[in-house]
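Chain and residue survey
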Amino acid sequence: MKPSLKKIEWISFLAASLLGTLFHFVYGWSRENPVAGLFFPVNESTWEHLKLIFFPILLLSIWEFLIFRKTYAGFVCVKFVSALIGMALTVILFYTYTGVYGKNSEVMNILIYFISMFLAYAASFVMLRRNALAGVSCCRYCYFGFLVVTLLFAVFTVFPPPIGLFATPV
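A brief structural summary. Everything quoted here is computed from the prediction, not taken from an experiment. (Residues numbered from 1 in each chain as written. Predicted model: local features only at pLDDT ≥ 70, side-chain atom pairs only at ≥ 80, totals over all residues. Heavy atoms only, no water.)

1. Things to note about the state of the cysteines
We apply this condition: In plain terms, two cysteine sulfur atoms within 2.5 Å form what is called a disulfide here. The helix count covers DSSP runs of H or I at least four residues long, the strand count covers runs of E at least two residues long, and both are numbered beginning at the N terminus. Each residue is placed in one exposure class: buried if its accessible area under a 1.4 Å probe, protein chains only, is under 20% of its type's maximum, exposed if it is over 50%, and partly exposed if it falls in between.
What the rule picks out here adds up to 1 disulfide. Bridging C77 to C142, the disulfide has an S-S length of 2.3 Å. Of note, the bridge from C77 to C142 carries an S-S torsion of about 50 degrees and is right-handed in sense. Residue C77 is located in helix 4 (residues 75-101), and its partner C142 is located in helix 6 (residues 140-158); the two are separated by 65 residues in the primary sequence. Residue C142 is classed as buried on the basis of its relative accessible area, which comes to 7%.

Right, dumping it as structure tokens:
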């Protein structure tokens, strides 16, 4: 019997949250290995912290794909969109609270991480349950989307643009 979507999404959310938490430290643990820096945060910038949302969702999506590939036609698209939702929420919530509050708080940053991850998986669950993207003809491009975002993380880690998203907060 195939496990329920709700159960798998909860397990994936918890696993992705745990992975993201561990991923925060991998670059340091690797003695600042440049290859590790392509996938794990190299500093405290908002951009680098988006890796903590994207890569755990990508890894867990591979596991989920093996379970649900025949059940949900738009699975890869849903997972790509949910990763983008989680990353967008992280940026929106971080800059909203720091703009209003005027300070950067570690407690708020951690809370934002878990809220963003939870809402990414909640969106994924709702879209999959409704088979929302099953008829989208461009779903095959979502594989390419995952690759492009991965490459953007690599490029902008090595060559960060001089804008606030890539700067370490003071």
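2. Here we look at the nonpolar core
Just so we agree on the cut-off: What is meant by a nonpolar core is a set of buried Ala, Val, Leu, Ile, Met, Phe, Trp, Tyr and Cys residues, joined one to another through side-chain atoms within 4.5 Å. Whether two residues are in contact is decided by their heavy atoms, any of which lying within 4.5 Å being enough.
Formed by 40 residues in total, the largest nonpolar core has its most connected members in F54, I57, F68, M87, M117, Y121 and F153. Elements that contribute at least two residues to this core include exactly helix 1 (5-29), helix 3 (46-68), helix 4, helix 5 (106-129) and helix 6. Top contributing element to this core by residue count: helix 3, with 10 residues. Not counting residues up to four positions away in its chain, the partners in contact with F54 are A83, M87, F146, V149, T150 and F153.

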